[in-house]
Amino acid sequence: MSQATVAPAPSHWGTGRSGLVLAGLILAFAIYLTVGIITMTVPDGAEPPGPKFFPIILAVACYALAVMLTVHYVRRPEAPADTDGVETIEEPEGVRHKSFTDWRTLGLTMAGFLAFALLLDPIGWILAAALMFWVIAWAMGSGSPLKDVAVALVLSCAVQVAFSAGLGLHLPAGILDGVL
Amino acid sequence: MTVMVAYSHTDEGMVALEKARDAADRLQAPVVVFDLESPSKSADRRIALPEDAQKGERWLGPAHTAPAPVEDLLDTAREIDVALIVVGIRRRSPVGKLILGSQAQSIILGADVPVLSVKASGADA
Amino acid sequence: MESLNLLAGGLADALTPMNLLWVFIGAFLGTAVGVLPGLGSSMAVALLLPVTFTLDPTAAFIMFAGVYFGGLFGDSTMAILVNTPGGSTAIASTFEGHRMTLTGRGPQALATAAIGAFVGGLLASVIVVLFAPKLADLAVNFGPPEYLALSVLAFVATATVVSTSLAKGLASLVFGLTFAVIGIDGISGAQRFTFGAPQLFDGISIIVITVGVLALGEVFHVASRVRRTRPGRLHKITGRPYLSRAEVREAAPAWGRGALIGAPFGVIPVGGAEIPTFLAYGGERALDRRRKHPQFGKGAIRGLAAPEAAGNATAGTAIGALLAMGLPTSATAAIMLAAFRQYGLQPGPLLFTRSADLVWTLIASLFIGLVVLLVLNLPFAPLWAKLTKIPRHYLYAGIAVFCGLGVYATSAAVTDLILVLGIGFLGFLLRRYDFPLAPIMIGVVLGPLAETSLRNALLSSGGDYGVLVDSGISVTIYAALVLVLVFVAYRGLRARAARDV
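Rules used in this analysis
- Residues numbered from 1 in each chain as written.
- Chains lettered and ligands numbered in written order.
- Predicted model: local features only at pLDDT ≥ 70, side-chain atom pairs only at ≥ 80, totals over all residues.
- Heavy atoms only, no water.
- UniProt positions renumbered as here; feature names shortened; annotations may be inferred.
- Helix = DSSP H or I, 4+ residues; strand = E, 2+ residues; numbered from the N terminus.
- Contact = heavy atoms within 4.5 Å.
- Salt bridge = Lys/Arg side-chain N within 4 Å of Asp/Glu carboxyl O.
- Polar contact = N/O pair within 3.5 Å; in protein donor to acceptor, adjacent residues only side chain to side chain.
- Nonpolar A, V, L, I, M, F, W, Y, C, P; charged D, E, K, R; others polar.
- Buried area = accessible area lost by both parts, 1.4 Å probe.
- Phe/Tyr/Trp six-rings, centres within 6.5 Å; stacked < 30°, edge-to-face > 60°.
- Buried < 20%, exposed > 50% of the residue type's maximum accessible area, 1.4 Å probe, protein only.

A few points about the UniProt feature "transmembrane region" (unreviewed entry) in chain A
Residues and elements named next belong to chain A.
1) Next: Per the UniProt record, "transmembrane region" (unreviewed entry) is found at residues 20-41, 53-74, 113-137 and 149-171.
2) Next: Strand forms 0% of residues 113-137 and helix 96%; the C-alpha atoms that close the span are 12 Å apart.
3) Next: Secondary structure over residues 149-171 splits into 78% helix and 0% strand, and the C-alpha atoms at its two ends are 21 Å apart.

Below, the structure written as structure tokens:
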């Protein structure tokens, strides 16, 4: 783990308050709803309570919750809840990380999925899915990239066969169009 | 033969811990501190040793998934075969206990080994 | 006994070779997903939902029934052997179950859990057969105000009871409700929150939301921690995988009590079976204290038997509530409700009259599924445990692939893939900050019902809000809501006041 730093976690105001990000997110939802309500064109003849009625309730709730969450995190900073009891967590001793979240692995995983989404139509299911599998496996710390290539291709081909042939789902063939 | 102390981060908890150390000294028994407020993530219920821990003490906490820490304490006491449980108690009205419950009371009633209860100084607090 | 005749008809329909195959596949997949760490039945159903659209509704729901119960069977396997519950409903099983493993009684623990799950599921299915039609008869009288009351109860109860904080539960709920209002309004035809993007006219597909929140969100959550944690150790287990007569005698009352505690919770919308499993566990412990030789703390077979039975009893009656009233009481049930809608079926009282065949085949397949699961789990549980040897990086990479497959297979739209990525990230944030996930699913699924009920009620009354509390049924439901809130407030107060050691 090369990115591990042994520095003790600095304790500043932000410690345990990163949950404010969700307060921000819900505020963003509130603004999105507000803009949507203002710009909404209501068809003539829509009887009250119209299409704006329910969203207005929601927007008010969003603003209120943004405030509640902010108060919650400002008053009581939280140590990260390691888990909801679903995984065992055994942190190796003596290693301290700057952040609770391993942003590098998470970023690579998300990038893998994004690449899959963008490449699916151009290069086809088999290659795009295999690529995503390989990237995520590698990001999560697989030690054998070459073996992963084989596993990834076998999985994506198996899915293509099972779902295209078996269940009749359409999956894009992409550049392998003629080959398949 | 072990002395277990039901510990929480309160005056009562501190007093209980001191008493438990005394008692353990006299009995020549090891001390197990069960910190009701520090959930443990490992299967053997160990938690990180705080600064004021003394040599030879084992510090445990309730499983982080346990719904009731006190019940977990009682189960653990049975599992590791303790001879004595020490709790610090606070004066409370019987009605208050009836309606809102009391950890100390649950331990005293639920344990099947002797329980030594001690009050913090100025016990009316 | 009209119900029994209908059930017999359902059994006859379900016992075709093809349908048996679907039950078996469902049970198999459900167990597999349940056994794998971190995956529960809600994720299994979320991932399977898109795939099943190519099947006919009967086959799809039969398979869901298998997955649904199978996930619960599998969850407890890991809870017992590794001390890692696959979902919150299996947490209570870790306490005594894992202690049994540590004392060398792992196989017996697995058998106790499997039989417990079977007993609980069986009792619940019998209750569904007897009472679901009656519940449906009652629900026929429900109008918009009653459905609104029911939805509000489901919203508030799921958001407050399971969550550690009120703000977090409600925030999760509001995320779900907001997703649900996007798209063209069904009543007036107005475009809402689409900002002119034609991809949003139909709203955000329920599949995108379930896969994003429940499956991709979990993948991201694992990614954020996988290099910094180690998986738990799997204990080797050897010995007889069945129970001696004495053990059965010991566990039997606990199975019964657990099942009885669990069954009512299927119709109470508190976000799943977590509460009844803990109640069953706590109840057994209280009883155990009064015995001459208390067993709790040493691997008490009753401490495992009761929560297992309770969990499956809740899951079973939850299906009844879903079928009879259209009320989902857990995230998994919410997804199944969404699945019904995709087939153009609306669970609720009318389903029993309009699609009686489907309903009774589904109920019959619950029984068949339980038997299949018992056969799959009782002798083979140690084999299932070997699944955990799949390295985590392959497991989660594979799940990501299936997330992509599921979303693309239903819409063939790249925009949906981008959307699911965003929602997956939201799912990660919610997990990271310990927000409950069930409210978001309930919000998405019941949001539209709540909105249309509210507006229709007000439309028909000419804007008079009194109509919302006009009937005895809705007043009763709101009274239940008040009870839930009082319970939550009392629990919070008690937790603070009892700290007196």
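From this point on, the discussion continues.
Looking at the interface of chain C and chain B
How big an interface is tends to be stated in terms of accessible area lost as the parts join.
1) Next: Listed per partner, the contact involves 24 residues of chain C and 35 residues of chain B.
2) Next: Counting across the interface, chain C meets chain B through three salt bridges.
3) Next: In this structure, the salt-bridge partner of Arg 285 of chain C is Glu 71 of chain B, at a minimum N-O distance of 3.0 Å.
4) Next: Joining chain C to chain B, the criterion identifies five residue pairs in polar contact (both at pLDDT 80 or more).
5) Next: For the side of chain C that touches chain B, the secondary-structure elements that each account for two or more residues are helix H5 (91-102), helix H11 (274-289) and helix H20 (472-497) of chain C.
6) Next: No other element matches H5 of chain C, which puts six residues into the side of chain C that touches chain B.
7) Next: When grouped by side-chain class, the residues that make up the side of chain C that touches chain B number eleven nonpolar, four polar and nine charged.

Re the interface of chain A and chain C
1) Next: In this assembly, 89 residues from chain A lie in contact with 81 residues from chain C.
2) Next: In total, chain A and chain C occlude about 7700 Å² of area from one another, counting both sides; carbon and sulfur atoms represent 73% of this.
3) Next: If you sort the residues of chain A by the area they bury against chain C, Phe 54, Phe 113 and Met 140 of chain A come out on top, with a joint share of 9%.
4) Next: The interface formed by chain A and chain C contains zero salt bridges.
5) Next: At the boundary of chain A and chain C, one finds nine residue pairs in polar contact (both at pLDDT 80 or more).

Re the packing of aromatic side chains
1) Next: According to the stated counting rule, one finds 23 aromatic pairs over all chains in the structure shown.
2) Next: Look at Trp 103 of chain A and Phe 428 of chain C: their rings are 6.1 Å apart centre to centre, the planes differ by 80 degrees, and that puts the pair in the edge-to-face class. Residue Trp 103 of chain A is found in helix H3 (residues 103-123), and its partner Phe 428 of chain C is found in helix H18 (residues 414-432); the two belong to separate chains.
3) Next: What makes Trp 103 of chain A partly exposed here is its relative accessible area of 46%.
4) Next: According to the relative accessible area criterion, Phe 428 of chain C is buried, its value standing at 0%.

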